[in-house]
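Okay, here's what each chain looks like letter by letter:
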Amino acid sequence: MALGIYTTATPEGILSQDGSLSTPFSTTIDGRTGGSREFRLYVRNNDSNYSFSGILLKPVDTEGTSIVDGTGGFNWKLRAGDAQPTTDEWDEISEGNEIGLGDLGTNVLTDISTYLPFWVKVTVPRNASVHMYTDVTLQINATSILL
């Protein structure tokens, strides 16, 4: 798919795709104290031959016990938009949720310049053992339109 996830609203900010881990999204959280980290990321179309409609995004844990759905106090939450969510707004979001980001382009015109912003909140519970997780992906589903 020609949709990519970016750390900045620039072509250089693209994250690795399909599990290559060449430029992964990563964070460090101290499991002794637990805590959360919030990040603004972007989705962008990087192929001028396509447009995309109905863009959906969700965190998926591909192996073992899930660390995105609240199991054991671990979770990932997503929120569409540019403004950083407040604590109350994050509290209203379900763990492992899916968000809609809209469309990039139309059936006659592509859009490879727009970066659709969204927020990710990663939470680790207190007293979590030391571990490196590499099995969480941000899965994008959309309808592609060949121009």
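Bear in mind that the values here come from a model prediction, so they are computed numbers and not experimental data. (Residues numbered from 1 in each chain as written. Predicted model: local features only at pLDDT ≥ 70, side-chain atom pairs only at ≥ 80, totals over all residues. Heavy atoms only, no water.)

This part takes up the environment of Leu-146. The residue Leu-146 is located in strand 7 (residues 136-146) in this model. Placed 39 residues apart in sequence, Leu-146 and Asn-107 show a C-alpha to C-alpha distance of 7.8 Å. If near-sequence neighbours (up to four positions away) are discounted, Leu-146 is found in contact with Asn-49 and Tyr-50. (Helix = DSSP H or I, 4+ residues; strand = E, 2+ residues; numbered from the N terminus. Contact = heavy atoms within 4.5 Å.)

This part is about the sheet that holds strand 2 (residues 35-45). A sheet is described by the order of its strands in space; here four strands give the open sequence 1-2-6-4, paired in antiparallel fashion. One side of each edge strand has no neighbouring strand; the edge strands of this open sheet are strand 1 (3-6) and strand 4 (75-80). Recorded for the sheet is a direction-independent mean angle of 30 degrees between the axes of neighbouring strands. The pairing of strand 2 with strand 6 (residues 116-124) spans nine bridges and is classified as antiparallel. By the bridge assignment for strand 6, Phe-39 is matched with Val-120. (Pairing = 2+ DSSP bridges. Axes fitted to C-alpha atoms, helices over the stretch in contact; angles between N-to-C directions.)

Bringing the nonpolar core into the picture now. Residues Ile-5, Leu-57, Phe-118 and Leu-138 are the most contacted members of the largest nonpolar core, which totals 27 residues. Secondary structure elements with two or more residues in this core: strand 1, strand 2, strand 3 (50-61), strand 4, strand 5 (99-104), strand 6 and strand 7. In terms of residue count, the dominant contributor to this core is strand 6 (five residues). (Core = buried A, V, L, I, M, F, W, Y, C linked by side-chain atoms within 4.5 Å. Buried < 20%, exposed > 50% of the residue type's maximum accessible area, 1.4 Å probe, protein only.)

Enumeration over the complete set of coordinates arrives at three salt bridges. A salt bridge links Asp-30 to Arg-32; the nearest nitrogen and oxygen atoms lie 2.9 Å apart. Classification of Arg-32 by relative accessible area gives exposed; the value is 62%. (Salt bridge = Lys/Arg side-chain N within 4 Å of Asp/Glu carboxyl O.)

To continue, consider the packing of aromatic side chains. If you walk through the whole model with that rule in mind, you get six aromatic pairs. Ring plane angle 85 degrees and centroid distance 5.4 Å describe the contact between Tyr-6 and Tyr-115, whose orientation is recorded as edge-to-face. Of the two residues, Tyr-6 sits in strand 1 while Tyr-115 sits in the loop between strand 5 and strand 6, which places them 109 residues apart along the sequence. Just as Tyr-6 is buried, Tyr-115 falls in that class too. (Phe/Tyr/Trp six-rings, centres within 6.5 Å; stacked < 30°, edge-to-face > 60°.)

A few words on the environment of Gly-81. By secondary structure assignment, the location of Gly-81 is in the loop between strand 4 and helix 1 (87-91). On the basis of relative accessible area, Gly-81 is assigned to the partly exposed category, the value being 25%. In sequence terms Gly-81 and Thr-71 are ten residues apart; their C-alpha atoms lie 26 Å from each other. Discounting chain neighbours no more than four positions away, the residues touching Gly-81 are Pro-117, Phe-118 and Trp-119.

With that settled, the discussion passes to the sheet that holds strand 3. Across the sheet, three strands lie side by side as 5-3-7; this open sheet has antiparallel pairing. The sheet is open, and its two borders are formed by strand 5 and strand 7, each paired with just one other strand. Between one strand axis and the next, the sheet turns by 20 degrees as a mean value, whatever way the strands run. When strand 3 meets strand 5, the two strands line up antiparallel, connected through four bridges. Bridge pairing links Phe-52 to Leu-104 in strand 5.

Take the side chain of Asn-97 next. Structurally, Asn-97 is set in the loop between helix 1 and strand 5. Every residue in contact with Asn-97, bar those within four places of it in the chain, is listed here: Leu-57, Lys-58, Pro-59, Trp-76, Lys-77 and Leu-78.

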